[in-house]
Amino acid sequence: MRDRFGAVLTASMSVLSVEAVIGTIALIVWEQTQESPGLPYNALGIIFLIVLAPFIAVAGAALGALLSVGVVMPLLVVAGWLGRRFPGREAWWWVPVLAAAGTAPPALAVSALVEAGPLAGSGGWLAATAAVAITALVARRLLLPDRPWLSGGAMFGWVALYGTLAVVTVGVLGVIGLYAGIGYEPPRLSTERVAGTWSDGKGGTLVLTADGRATATRIETFGLDDSFDPVVHECTGTGTWEYDPGTGPWSQEVGVSFDDCSMDTWKVFGSPEHPKLFVYIGDPDSWDLYILRRRG
């Protein structure tokens with residue numbers, strides 16, 4: 001009995017680990033399709049991630065064990081009991097049914113907490129259902145009396161093999177999709193499209209006319225004090241501007257010059273229907289942005 005418990009625990013934790021890697025790849029690809037500015041490469045964050053990797057692995061293993069003991073194993077017990085009681089024999093389809101029912105309340109709570117739409121909420125629920133159901137179905141294989149006995153180590157080997165293939169497949173498909181153009185890129189602007197009124201939504205406006213004149217009203221500019229904290233100033237005045245298309249959509253810039261205040265070069269993101277201009281607030285690695293939206 002103890003060997004069977006260990007085998008089921010090993011299988012469950014192994015599948016959850018594979019699903020975590022696949023989910024991470026899918027999340028990264030999904031983020032690449034969302035509207036976002038071209039934020040700077042944060043090397044320090046990558047270094048921290050490498051340093052913390054062993055601790056993340058230990059925390060992940062602990063979480064996998066907790067989910068296996070607290071979710072997967074009880075689900076298998078209840079599914080087996082329901083199968084024997086109603087159809088008269090264990091039926092695999094009780095596993096996804098119970099997984100769907102069990103993940104619905106937390107998925108609904110998370111959707112309400114993050115104010116996700118119905119489509120996003122349903123997608124999260126289906127993803128959670130699939131993750132739990134697949135893990136439980138793989139572990140269930142070890143509990144079937146009419147199947148050859150597999151040890152936890154043997155099951156781990158099979159999960160590692162097929163899991164690696166699944167991870168590589170998902171990764172390749174993600175790279176192909178991004179290469180094919182599903183990833184986000186800023187709208188391509190022009191001098192004519194940049195000309196107009198831009199607002200920060202807080203009373204600040206930047207008016208750029210087609211002849212190269214610029215008028216700022218309470219537009220915020222940013223510097224750093226001795227402690228490297230952002231210092232905000234308001235710019236009101238007239239000056240000039242020009243649009244630089246750069247070498248591609250990510251390198252577009254709008255330069256604005258004023259006699260009475262210093263202003264950083266604006267970069268472009270948003271959508272073709274709703275373009276945006278932004279500058280970094282303080283240290284670019286902080287990812288804080290000051291955004292202007294096209295009015296009208």
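Preceding this section is the structure that the text describes.
Residues numbered from 1 in each chain as written. Predicted model: local features only at pLDDT ≥ 70, side-chain atom pairs only at ≥ 80, totals over all residues. Heavy atoms only, no water.

If you had to explain the pairing of strand 7 (residues 275–280) to someone new, which residues and values would you point to?
In terms of burial, strand 7 is largely enclosed, as six of its six residues are buried. Side chains of strand 7 alternate between two faces, with P275, L277 and V279 and K276, F278 and Y280 buried alike. Strand direction decides the pairing type here: strand 6 (residues 266–270) and strand 7, joined by four bridges, are antiparallel. The residue bridging F269 from the neighbouring strand is K276, located in strand 7. Hairpin connection of strand 6 to strand 7: four residues between the antiparallel strands. (Buried < 20%, exposed > 50% of the residue type's maximum accessible area, 1.4 Å probe, protein only. Helix = DSSP H or I, 4+ residues; strand = E, 2+ residues; numbered from the N terminus. Pairing = 2+ DSSP bridges.)

So, the pattern of salt bridges: which residues are in play, and what are the values?
Enumeration over the complete set of coordinates arrives at five salt bridges. Note that K276 and E35 form a salt bridge whose closest N and O atoms lie 2.7 Å from each other. Of this pair, K276 sits in strand 7 while E35 is found in the loop between helix 1 (2–32) and helix 2 (43–85), placing the two residues 241 residues apart along the sequence. For E35, a relative accessible area of 37% puts it in the partly exposed group. (Salt bridge = Lys/Arg side-chain N within 4 Å of Asp/Glu carboxyl O.)

Quick rundown of the packing of helix 3 (residues 94–114) against helix 4 (residues 118–140)? Include the residues and the values.
Running from N to C, helix 3 and helix 4 point in directions that differ by 145°, and their axes come no closer than 8 Å. Two packed elements cross with a definite hand, and for helix 3 against helix 4 that hand is right-handed. Contact with helix 3, carried on its side by V95, P96, A99, A100, T103, A104, A107 and S111, involves G121, W125, A128, T129, V132, A133, A136, L137 and R140 of helix 4 and no other residues of that element. When grouped by side-chain class, the residues that make up the contact of helix 3 with helix 4 number 12 nonpolar, four polar and one charged. (Axes fitted to C-alpha atoms, helices over the stretch in contact; angles between N-to-C directions. Left-handed = near helix turned anticlockwise from the far one by under 90°. Contact = heavy atoms within 4.5 Å. Nonpolar A, V, L, I, M, F, W, Y, C, P; charged D, E, K, R; others polar.)

How would you sum up a nonpolar patch on the surface? Please name residues and give values.
A contiguous nonpolar surface patch, about 410 Å² in accessible area, is contributed by V51, L52, F55 and I56. Secondary-structure assignment places I56 in helix 2. The class of I56 is partly exposed, set by a relative accessible area of 47%. (Patch = residues over 30% accessible without salt bridge, like charges linked within 9 Å, V, L, I, M, F, W, Y side chains within 5 Å. Areas by Shrake-Rupley, 256 points an atom, 1.4 Å probe, with all protein chains shown as cover.)

Can you tell me about the side chain of S111, naming the residues and giving the values?
On the secondary structure map, S111 appears in helix 3. S111 sits in the buried class, given a relative accessible area of 15%. Every residue in contact with S111, bar those within four places of it in the chain, is listed here: A116 and G121.

Note that every value here comes from positions in space, so none of it alone points to a role or purpose.
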